[in-house]
Amino acid sequence: HCAFQENSDFAKKLYMLSPLTLSNCRKFTRQLSKCAYKEDLRKALAIYLSAFDEIDSSRSFIVMWAALEALTTPKRANYDNMIARCMFIYKNDMGHKQILEHLRLRRNNLMHQAVQANDDFVLTYQTQAYFRGILGFHLKYAGKFKSITAANDMLDLPQDVALLKKAVAYLS
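Nothing here was measured: the structure is a model prediction, and the numbers come from that model. Once a new chain begins, its residue numbering starts again from 1 and follows that chain's sequence as written. Local features in this predicted model are restricted to residues of pLDDT 70 or higher, and side-chain atom pairs are both shown and tallied only at a pLDDT of 80 or more, whereas totals for entire chains, interfaces and linings draw on every residue. Water and hydrogen atoms were dropped before computing side-chain values, which therefore reflect all heavy atoms in the structure.

As for the side chain of Gln-31
Secondary structure is summarised from DSSP: a helix means a run of H or I of at least four residues, a strand means a run of E of at least two, and numbering begins at the N terminus for each. Within the element layout of this structure, Gln-31 appears in helix H2 (residues 22–34). Accessibility here uses a 1.4 Å probe with only protein chains present; expressed as a share of the type maximum, an area under 20% marks a residue as buried, one over 50% as exposed, and anything in between as partly exposed. Overall, the relative accessible area of 14% leaves Gln-31 in the buried class. N or O atoms within 3.5 Å of each other form a polar contact, as long as, within protein, one can give a hydrogen and the other can take it, and as long as residues adjacent in sequence are counted only when both atoms are side-chain atoms. In terms of polar contacts, Gln-31 uses its side chain to reach the side chain of Lys-34, at 2.9 Å. A polar side-chain atom of Gln-31 sits 2.5 Å from the main-chain carbonyl oxygen of Leu-139.

Structural notes on helix H5 (residues 79–89)
When H5 is considered as a whole, its buried residues turn out to be Tyr-79, Met-82, Ile-83, Arg-85, Cys-86, Met-87 and Phe-88. Among the structural elements, helix H4 (57–72), helix H6 (94–113), helix H7 (120–140), helix H8 (148–155) and helix H9 (161–171) are those in contact with the buried residues of H5. N-cap assignment for H5: the residue whose side-chain oxygen lies 3.1 Å from the backbone N of Asp-80 is Asn-78. Where H5 ends, the next residue or the one after it, Lys-91, has phi of about 55°, a positive value. The contact rule is simple, with two residues in contact once any of their heavy atoms fall within 4.5 Å.

A word on the nonpolar core
We call a set of buried Ala, Val, Leu, Ile, Met, Phe, Trp, Tyr and Cys residues a nonpolar core when their side-chain atoms join them within 4.5 Å. Counting 44 residues, the largest nonpolar core has Leu-41, Phe-131 and Phe-145 as the members making the most contacts within it. Counting only elements with at least two residues in this core, the list comes to helix H3 (38–51), H4, H5, H6, H7, H8 and H9. Sorting elements by how many residues they give to this core places H4 first, with nine residues. Dropping the residues within four chain positions of it, Leu-41 is found in contact with Leu-32, Cys-35, Leu-71, Leu-135, His-138 and Leu-139.

Geometry only, nothing functional implied.
Written out as structure tokens, the structure reads:
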């Protein structure tokens, strides 16, 4: 199976594909309304959606990266924190760390050296997967955190269950 076919195992795991249905839209809206920092999520979503309006695939990748930044490091871009927060969602899987480091390198090459490649479309969809994972975290725990900073502080913690329970109590 191709990684981009909706029914492939790889796509289901990495891209967390789910069909757009009325039920999914209602659930999304309900979860978003519970979130104390819904305006931060709306801003990130607006950036995310604008990535698909770009004709140039390089520009689309840059905009998608900006959407991920808006969720993971909204005050100031910090790529180490951004990657670590994405890694939390994916249980510190080193394969994801390599993908994220590659995306960071490609983004920097594109921004600072105007190095373009033929796979910008792929980079956009890889970045989209991480955006959706982080957004899913924020929606799943909507109402648990007072700010996006508090939610991101949670993503900075180790994955030890006992420590996380203490942190949730402290941050909420």
